[in-house]
Amino acid sequence: MENKLPAVEISLNECKGCALCIESCPQTVLSLSAPFNKLGYQYAIYAGSGCTGCDACYYACPEPGAITIIKQKKVKM
Amino acid sequence: MEKMETVVKGKPEALCATFDRKEGSDKQTTHYCPGCGHGRVHKLIAEALSDMGLGDKTVFISPVGCSVFAYYYMNTGNVQAPHGRAPAVATGVSRANPNSIVISYQGDGDLAAIGTAEILHAANRGEHLSVFFINNAIYGMTGGQMAPTTLLGQKTQTTPRGRSAMNEGHPIRMAEIIATLEAPIYVERTSCTDTKGIMKTRKAIRKAIKLQSEKKGFTFVEILTACPTGWKKTPSDSIKWIQNELEPYFKPGVYKDVSDKAEPLHRPEMIMDSEEIFKSLGLKKGKTPSSSAAAVEEKRIKIAGFGGQGALTAGVMMATAGMNEGLNVSWIPSYGPEMRGGTANCSVIVSSKRIGNPLVRNPNILIAMNGPSLDAFENDVVQGGTIVVNSSLIERKLSRSDVKAVYVPLTDIAAKVGLKAAANSVALGVFLGLENIFSREGIYEVLKTSLKKKDALEINIKAVNAGFEFAKTL
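Criteria and cut-off values
Residues numbered from 1 in each chain as written. Chains lettered and ligands numbered in written order. Predicted model: local features only at pLDDT ≥ 70, side-chain atom pairs only at ≥ 80, totals over all residues. Heavy atoms only, no water. Helix = DSSP H or I, 4+ residues; strand = E, 2+ residues; numbered from the N terminus. Rg over C-alpha atoms; globule rule 2.2 N^0.38 Å. Buried < 20%, exposed > 50% of the residue type's maximum accessible area, 1.4 Å probe, protein only. Lys, Arg positive; Asp, Glu negative; His and termini not counted. Charge placed at Lys NZ, Arg CZ, Asp CG, Glu CD. Pairing = 2+ DSSP bridges. Axes fitted to C-alpha atoms, helices over the stretch in contact; angles between N-to-C directions. Contact = heavy atoms within 4.5 Å. Buried area = accessible area lost by both parts, 1.4 Å probe. Salt bridge = Lys/Arg side-chain N within 4 Å of Asp/Glu carboxyl O. Polar contact = N/O pair within 3.5 Å; in protein donor to acceptor, adjacent residues only side chain to side chain. Nonpolar A, V, L, I, M, F, W, Y, C, P; charged D, E, K, R; others polar. Parallel < 35°, antiparallel > 145°, perpendicular 65-115°, else oblique. Left-handed = near helix turned anticlockwise from the far one by under 90°. Core = buried A, V, L, I, M, F, W, Y, C linked by side-chain atoms within 4.5 Å. Domains from an automatic or database assignment. pLDDT = per-residue confidence, 0-100. Expected span 1.5 Å × (residues − 1).

## Regarding the overall build of chain A
Looking only at helices and strands, chain A features 2 helices and 4 strands. The order of α-helices and β-strands along chain A, N terminus first, is β-α-β-β-α-β. Rg of the C-alpha trace for chain A: 13 Å, near the compact-globule value of 11 Å for 77 residues, within the 12% margin. Taken along its principal axes, the extent of the C-alpha atoms in chain A is 45 × 20 × 20 Å. Counting every position in chain A, which comprises 77 residues, the buried fraction comes to 47%. The centroid of the 7 positive side-chain charges in chain A is displaced by 8 Å from the centroid of its 6 negative side-chain charges.

## Some details on the sheet that holds strand β4 (residues 67–76) of chain A
Across the sheet, which stays open at both edges, the 3 strands sit in the order β1(A)-β4(A)-β1(B) with antiparallel pairing between neighbours. Strands with a single pairing partner mark the edges of an open sheet, and in this sheet they are β1 (7–10) of chain A together with β1 (2–9) of chain B. Taken over all neighbouring pairs, the strand axes of this sheet differ in orientation by 25 degrees on average, direction set aside. Relative to β1 of chain B, β4 of chain A is paired through 8 bridges, and the arrangement is antiparallel.

## Let's talk about the sheet that holds strand β8 (residues 253–257) of chain B
Residues and elements named next belong to chain B. Strands sit in the order β3-β2-β4-β5-β7-β6-β8 across an open sheet of 7 strands; the sheet is mixed. What marks the edges here is a single partner per strand, and that holds for β3 (77–80) and β8. For this sheet, the mean inter-axis angle between neighbouring strands, taken without regard to orientation, is 15 degrees. Both strand β5 (residues 130–135) and strand β7 (residues 219–224) contribute to a ladder of 6 bridges, which runs parallel. Residue pairing across strands places Ile 134 opposite Ile 223, the latter belonging to β7. Across the face of the sheet, helix α8 (residues 195–213) comes into contact with β4 (101–107), β5, β6 (186–191), β7 and β8 while running at roughly 160 degrees to β6.

## Structural notes on the side chain of Ser 62 of chain B
Structurally, the position occupied by Ser 62 of chain B is in strand β2 (residues 58–62). Not counting residues within four places of it along the chain, the set of residues in contact with Ser 62 of chain B comprises Ser 67, Val 68, Ala 70, Tyr 71, Val 79, Gln 80, Ala 81 and Tyr 105 of chain B.

## Quick notes on the interface of chain A and chain B
Contacts between the two partners involve 31 residues from chain A and, on the opposite side, 36 residues from chain B. Together, the buried faces of chain A and chain B total about 3000 Å²; carbon and sulfur atoms form 61% of this surface. When residues of chain A are sorted by the area they lose upon contact with chain B, Tyr 58, Tyr 59 and Pro 64 of chain A head the list and together hold 24% of the total. Inspection of the region where chain A meets chain B yields 0 salt bridges. The interface formed by chain A and chain B includes 16 residue pairs in polar contact (both at pLDDT 80 or more). Looking at the side of chain A that touches chain B element by element, the count peaks at 10 residues for β4 of chain A. For the side of chain A that touches chain B, the class distribution of residues is 17 nonpolar, 5 polar and 9 charged.

## Structural notes on unusual backbone geometry
All names here are of chain A. For the bond running from Leu 5 to Pro 6, omega is -5 degrees, close enough to zero to count as cis. Counting through the fold element by element, Pro 6 comes out in the segment before β1. In the Ramachandran plot, Ala 19 falls in the positive-phi region, its phi being about 70 degrees despite a non-glycine side chain. Inspection of the secondary structure assignment puts Ala 19 in the loop between β1 and α1 (20–24).

## Side note on the packing of helix α15 (residues 423–434) of chain B against helix α17 (residues 454–472) of chain B
All names here are of chain B. Where α15 meets α17, the axes come as close as 6 Å, and the angle between the chain directions of the two elements is 40 degrees. Between α15 and α17, the crossing angle belongs to the class labelled oblique. The interaxial crossing formed by α15 with α17 has right-handed handedness. Where α15 approaches α17, its residues Ser 425, Val 426, Gly 429, Val 430, Leu 432, Gly 433 and Leu 434 are matched on the opposing element by Asn 460, Ala 463, Val 464, Gly 467, Phe 468, Ala 471 and Lys 472. Tallied by class, residues from the contact of α15 with α17 come to 8 nonpolar, 5 polar and 1 charged.

## Regarding the nonpolar core
Membership of the largest hydrophobic core comes to 56 residues, with the highest contact counts inside it found for Ile 67 of chain A together with Ile 45, Leu 49, Ile 103, Phe 132, Ile 205 and Ile 209 of chain B. With residues near it in sequence (within four places) discarded, Phe 132 of chain B still touches Ile 45, Ile 103, Ser 104, Tyr 105, Gln 106, Ile 205, Ala 208, Ile 209 and Val 221 of chain B. Within the second largest apolar cluster, 46 residues are counted, among which are Ala 321, Ala 344, Phe 438 and Tyr 444 of chain B.

## Thoughts on the domain arrangement of chain B
Split into domains, chain B comes out as domain 1 (37–257) and domain 2 (294–472). The straight-line distance from the C-alpha centre of domain 1 of chain B to that of domain 2 of chain B is 54 Å.

## Remarks on the confidence of the model for chain A
Detailed reading of the predicted coordinates is not advisable wherever pLDDT falls low. Summing up the model confidence of chain A, the mean pLDDT is 93 and the portion of residues at 70 or higher is 96%. No element of chain A has a lower mean pLDDT than β4 of chain A, at 91, and none a higher one than helix α2 (residues 56–60) of chain A, at 98.

## With respect to the pattern of salt bridges
Inspection of the entire model under this criterion finds 23 salt bridges over all chains. Lys 71 of chain A is paired through a salt bridge with Asp 55 of chain A; the nearest N and O atoms lie 3.1 Å apart. A residue pair is termed long-range when its members are at least 10 positions apart, and Lys 71 of chain A in strand β4 and Asp 55 of chain A in the loop between β3 (42–46) and α2 qualify at 16 residues. Across the salt bridge formed by Arg 440 of chain B and Glu 469 of chain B, the nearest N and O atoms sit 3.8 Å from each other. In this pair, Arg 440 of chain B is assigned in helix α16 (residues 440–450) and Glu 469 of chain B in helix α17, connecting sequence segments 29 residues apart. You can call Arg 440 of chain B partly exposed: its relative accessible area is 22%. Through salt bridges with shared partners, a single ionic network connects Lys 9, Glu 47, Asp 51, Arg 202 and Arg 206 of chain B.

## Observations regarding helix α1 (residues 37–52) of chain B
Residues and elements named next belong to chain B. Between its first and last C-alpha atoms α1 spans 23 Å; for 16 residues at 1.5 Å apiece the expected length is 22 Å, and the two agree. In terms of residue burial, α1 counts as a mostly covered element, since 13 of its 16 residues are buried. Two residues or fewer past α1, Gly 53 is found with a positive phi of approximately 70 degrees.

Okay, here's the thing in structure tokens:
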């Protein structure tokens, strides 16, 4: 798990499929699903690797809770 | 030593974890359309508040427009304002709670059309507010009508052939207008489009909120955002349309920034202590016990005259004296647009019991200070009522015989004590002489609070006494 960070998590049923995150991603690791979610939209999915934790998709997303970025940060002890 | 720690960047604290205030079964997502600019800006504001630890002291004023429901989402204090009035409501909140962070969040229809007056004056007063102006060049909520910021040529529901300067005028640039004012300390326009634009918007929002937290004054950030539904475009095309069409006309940039030089502005502390407020207004707290043992039957009084005769003032004095005696009172003026020369009258009710309707249609006492007043109200007086006629100015006698007629040369008596304009005080004295409701001392007390000049006070007291004596001779 740890070596897969940074990663982006997309809340399946909060995504409205506007695809602005996909356009914002410099690594092109996001894409639109074929199936529809509960709201009736195709939703953004993460390829599973390649995320650099740049936060671009987080800020591009108009749905406040849909995207979560998980990354590791150096902290001084 | 350094250690790696996992950081989770999700929904900021200043947004509700679940939108419990929202109607319907879906408490997780906003009501905004896919690709809407509101969600992005909500998130940026919430992130700034959370990072600065200001969420708990923030009051978010939502406007009318799609973001009318911002209180579903913002985990802050919230007030929803009438259309265009967010800066006025925000002013009240900010003045009453000087330590709060007040955010006025408004769209272009709200801020630049119906609310133009409110935003200009709140900005001009330099209120401690952060205004976030969401400009998407259209009325989104109502279905895509032309807004003040709609571009020339832009097709909307109400400009199906495109907005024309000839017919609808030019789009209004609000950031530029606000920047011309003296008081605002920071005015910027940003464009919430690609990552670069979003980051500039983020920076501007954080700066505005930080300046407010430092009490530096009025900040205004105009944000160009997408309305894919109103524009009938995909979210992706909407972003391009902002960049290609909106930005050339509404140029992003800092229009005013004197925040470096701005000193924290502290308004005088408000008196929030009720004892102090009562004291400064010269009022006694609580219900004053009635000094007269006898219950006062409801007196419905109408005082009428020409503007400048003091009919309204006499009514106020009567009501105030009654209030000081612990009676229930009401006073309603009625006058024309003229300051002098028109007719004026007031309805006064004095009673031991609670007063229902404060309007006097059928008085039991009419004080007619000039001819037209008598003509107008003589027939309204109830049978057995009293009419005081200012016989100095009214030559005719009453045409009714079922009322008590009291002819008093009010103006002449006033002239005799030294001031013709004190005819209203004479009328008060006559009233006291006829209706033994409250003491003359009560009226003196009221005169003292309204007349600061000693000479004027003395003359008016003399006038009251002269009227009182006259009534006693009847």
